[in-house]
Amino acid sequence: RAFALTVSSDGVRGDANRIYTSVFNNSTSDLTSGTVVIWDTALTGDSNEGAYVTTTTSADSNLVAGVVISDTILASGGRGTICVYGPVYALYANSTDGATDSVGQAIGTTTVAGQFGNGSGLGCILNIPEAGDTADRVRVQIFVNPSNAE
């Protein structure tokens, strides 16, 4: 079963403003820290596992769940934790979908699985990559606040 909690601050800016939930990785691959995930509505596993997530290659999905926050891998078919609200580092599809970077810009899922880009549905970007850092999979701080609107 999924649960949510607010983590108290240990002095690091932003810690008290995050909400986490426990999820089941229903994708066919392991998910690393910073991976953007969506709610998986296929439910191919045991329905007693609770909330299911996977990745998508659809831009601006309205099924955005959050971002994998663990420093360890969320194994395929395993349980883990995602951030569903608050500041977190996420994987940015910078070379694929990062043409107009600006702080506060709306972001969403992109055509690169597990990464975010310009769009809507996920939240907003809090900082932009360093000049010259144009590759995909760049870790960038974002504010997760899924809109889940169609």
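The following paragraphs examine the structure supplied in this document. Numbering of residues starts from 1 in every chain and runs along the sequence as written. Local features in this predicted model are restricted to residues whose pLDDT is 70 or higher, and side-chain atom pairs enter the listing and the counts only when it is 80 or higher, whereas totals over whole chains, interfaces and linings include all residues. The side-chain values count all of the structure's non-hydrogen atoms but skip hydrogen atoms and water molecules.

A word on the pairing of strand 3 (residues 36-39). Think of it this way: DSSP has to see at least two bridges between two strands before they count as a pair. Each helix is a run of DSSP H or I of at least 4 residues and each strand a run of E of at least 2, with the numbering of both proceeding from the N terminus. Pairing between strand 3 and strand 5 (residues 64-68): three bridges, direction antiparallel. Bridge assignment links V36 to a residue of strand 5, and that residue is V67. When strand 3 meets strand 4 (residues 52-54), the two strands line up antiparallel, connected through two bridges. Bridge pairing links W39 to V53 in strand 4.

To form a nonpolar core, buried Ala, Val, Leu, Ile, Met, Phe, Trp, Tyr and Cys residues must be joined to one another through side-chain atoms within 4.5 Å. Burial status follows relative accessibility: with a 1.4 Å probe on protein chains alone, a residue under 20% of its type maximum counts as buried, one over 50% as exposed, and anything between as partly exposed. V67, F116, L122 and I142 are the most contacted members of the largest nonpolar core, which totals 16 residues. Going through the elements one at a time, strand 5, strand 6 (79-93) and strand 10 (136-144) are the ones with two or more residues in this core. Residue contacts are defined here by distance: any two heavy atoms, one from each residue, within 4.5 Å place the two residues in contact. Excluding residues within four positions of it along the chain, V67 makes contact with G34, T35, V36, I82, C83, V88, Y89, A90, I142 and V144. If you look at the next biggest cluster of nonpolar residues, it comprises ten residues, including V23, V68, L74 and V84.

Here T54 lies in strand 4. Taking the relative accessible area as the measure of exposure, T54 reaches 15% and is therefore buried. Once residues lying within four places of it in the same chain are set aside, the contact partners of T54 are S27, V37, I38 and D40.

Stacked, tilted and edge-to-face pairs are distinguished by plane angle, under 30 degrees for stacked and over 60 for edge-to-face with tilted covering the rest, among Phe, Tyr and Trp rings (Trp via its six-membered ring) whose centres lie within 6.5 Å. Taken as a whole, this structure holds three aromatic pairs when the rule is applied. When the ring of F24 is compared with that of Y52, the centres are 5.0 Å apart and the planes differ by 70°; the resulting orientation is edge-to-face. Note that F24 is positioned in strand 2 (residues 19-25) and Y52 in strand 4, a separation of 28 residues in sequence. Y52 carries the same exposure label as F24, and that label is buried. Judged by centre distance (4.6 Å) and plane angle (10°), the rings of Y92 and F116 are stacked. Of this pair, Y92 sits in strand 6 while F116 sits in strand 8 (residues 116-118), and the two are 24 residues apart along the sequence. Since its relative accessible area comes to 0%, F116 is described here as buried.

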